[in-house]
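# Descriptive structure summary
Each chain is listed here by its residues.
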Amino acid sequence: MSAFKRRTTSKQPPLPPGTRPSPGSPATTITSTGIPSLDDILGGGLPLSCSLLALAPDAHSAYGELVIKYFAAQGLACGQRVCVVDARPDPFLSECMWTPGSNVPVTAPALSSPGSSQSTAADDDEEERASEHDTKIKIAWRYEQMKQFQTTVQTSSQSTEDFCRTFDLTCRIPDATISAARTEGRFLEVKPDEDIPDVSSSCHRVLRRLSEILSAADADASSPVATRICIPALGSYEWGDLSPPDVCYFLHSLRALLRRHPRACAAVCMPSHLCQEAFGGAGWVQKLGWLTDASITLAAFTANPTLTAMFSAHHGLVHIHSLPAPHTLLPPSDKFSTLRGLTSSGENNLAFKCMRKRLIFETLHLDVEGGVSERRTTPSANAMAMEAGDEHVHKHDHGSSANQPGSVAAVQVQLEQTQIAPSISQAPANAAPAEKTDNVVKKVKIKKKVGFISDKPDLYDF
């Protein structure tokens, strides 16, 4: 009898619903945030036992809270346990988006027909085509058949997939779904202003309640269900007067708590005044990235009309401060992210836009100079204005320009045209006829002279 035995893989316990192994490390289990493009930025999804911090410093928008709502809706849709840490958890969950065709939408009851789930993808494509109609550039007819450049990842066509559902911003979670989740113990709430004996700080009260909930979830070995902790407004007035050390202590303690419970993850958002460096001093945003596993900033263009006009197809920029890497030296996003596009030349700039039915993260691309609907066959308005203002440009000598703090440069364009000899038809009647060889008309091309006028000639001295 041979002493060798065939090596077989050990049977691993089944993964919790709504999770899958990470593409970077089989030992890491990831879950979806509810936004496919954000999952791609994180390297496939948010790993369990990790925390996500979404910062939104713009006070005129609530994109950070929208990310937390996606996170909570995805947890209920795939059968996971959702714990909402807020003073009003019921209104927060009732305002979350839901899958299309499963309830009465907010805008129009007629959209709740049985075929609305199949038409959602078509509606989104039609909306994107309508938005891209103005950005279409016709250079040649043969270019229209070429494949268009993709700026984001494709959404799964299966809206019933447990890992990442397809949500519609015009739909809301039905009350029956919330009641069923509460009855089954999948909807838990923690209020920061709840009175707990011998605990005065709101941060300590929340951490103690979360520790009790996660310990009870781990003790129930019959149903291995992942737990999502949703904190939509850390540091709001219900939390009391929190200082920067209090916020740092809570985020660090929350990450340590998640490490002890491998089937839990958290998504945190803070009010706009806590997301700025004016609250915590220089390097405050970087500190928050160190205290969490994944940290991003959604910098909206709402308060800056210049950026809104420059990037009309987007609603804000996405800044990445940290990415999760629980069992690896480098984040899996560096290798598996399509949107980031890490190459030898650098990393893609990312932006986001909130459409009528979904939130999308995509690569940032600039529009064509001068407007996409404008075809220039004449000099631009700026060049004409510059040429008209050349006569008002004053020349300064080198000595006076060196004392000025700023520098002003202008471009002067002059046209030279050589005198053309008169032709035979334009010659005077009393002129004697000349030979044909003497009346050869010389065609001279118009020359352009470009001169740089500056108060600092040494910068433009060619």
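About the cut-offs
- All residue numbers refer to position in the chain's written sequence, counted from 1.
- Side-chain atom pairs in this predicted model are given and counted only at pLDDT of 80 or more, local residue features only at pLDDT of at least 70, and totals for whole chains, interfaces and linings cover all residues.
- Based on all heavy atoms of the structure, the side-chain values leave hydrogens and waters out of the count.
- UniProt positions are given in the numbering used here, feature names are shortened, and annotations may be inferred rather than shown by experiment.
- Think of it in three bands: with a 1.4 Å probe and only protein chains considered, a residue is buried below 20% of the maximum accessible area for its type, exposed above 50%, and partly exposed in between.
- Strands here are runs of E lasting at least two residues and helices are runs of H or I lasting at least four, both read from the DSSP assignment and numbered beginning at the N terminus.
- Note on pairing: DSSP must find at least two bridges between two strands before they are called paired.
- Here a crossover is taken to be right-handed if, once the strands point away from the viewer, the path from the first strand over the helix to the second is traced clockwise.
- Each polar contact in these results corresponds to two N or O atoms within 3.5 Å; when the atoms are within protein, one needs to be able to donate a hydrogen and the other to accept it, and residues that are neighboring in sequence are counted only if both atoms are side-chain atoms.
- Contacts were defined at the residue level, with two residues in contact if any of their heavy atoms lie within 4.5 Å.
- The working definition used for a salt bridge is a side-chain nitrogen of Lys or Arg within 4 Å of a carboxyl oxygen of Asp or Glu.

- The chain is annotated in an unreviewed UniProt entry as Elongator complex protein 4 of Lentinus brumalis.
- UniProt's Sequence similarities (unreviewed entry) comment on the chain is quoted here verbatim: "Belongs to the ELP4 family."
- Check the Pathway (unreviewed entry) section of the UniProt entry for the chain; it says "tRNA modification; 5-methoxycarbonylmethyl-2-thiouridine-tRNA biosynthesis."

### Some words on the pairing of strand E7 (residues 227-231)
- Among the five residues of E7, five are classified as buried, and the element is accordingly described as predominantly covered.
- With burial as the criterion, each face of E7 is covered, one bearing Thr227, Ile229 and Ile231 and the other bearing Arg228 and Cys230.
- Of the strand pairs in this sheet, strand E5 (residues 81-85) and E7 are connected by four bridges, and their pairing is parallel. Note on E7: the bridge partner recorded for arginine 81 is threonine 227.
- As paired strands, E7 and strand E8 (residues 264-269) are joined by five bridges and run parallel to one another. Across the sheet, arginine 228 pairs through a bridge with cysteine 265, a residue of E8.
- At this point the chain moves from E7, through helix H7 (residues 244-260), to the parallel E8, and the crossover so formed is right-handed.

### Digging into the side chain of arginine 186
- As for its position among the elements, arginine 186 is in the loop between helix H5 (175-183) and strand E6 (187-190).
- Within the structure, the side chain of arginine 186 is placed 2.9 Å from the side chain of glutamate 184, a separation counted as a polar contact.
- Among all residues touching arginine 186, those that are not within four sequence positions of it are Leu76, Gly79, Gln80, Arg81, Val82 and Ala181.

### Side note on the sheet that holds strand E1 (residues 19-21)
- Read from one edge to the other, the open sheet built from three strands follows the order E1-E2-E3, with strand pairing classed as antiparallel. Two strands close off the open sheet at either side, each with one partner strand: E1 and strand E3 (46-47).
- Across two bridges, the pairing between strand E2 (residues 29-31) and E3 is antiparallel. Note that in E3 the partner of isoleucine 30 across the bridge is proline 47.

### Here's the deal with the pattern of salt bridges
- Counted by the stated rule, this structure contains twelve salt bridges.
- Where aspartate 334 meets arginine 340, a salt bridge forms, and the shortest distance between an N and an O atom there is 2.7 Å.
- Accessibility expressed as a relative area gives 7% for arginine 340, which makes it buried.
- Across the pair glutamate 362 and lysine 353 runs a salt bridge, and its minimum N-O distance is 3.8 Å.
- Look at lysine 353 and you get buried, because its relative accessible area is 15%.
- Shared partners join several salt bridges into a network, and the residues in it are Asp90, Arg182 and Glu189.

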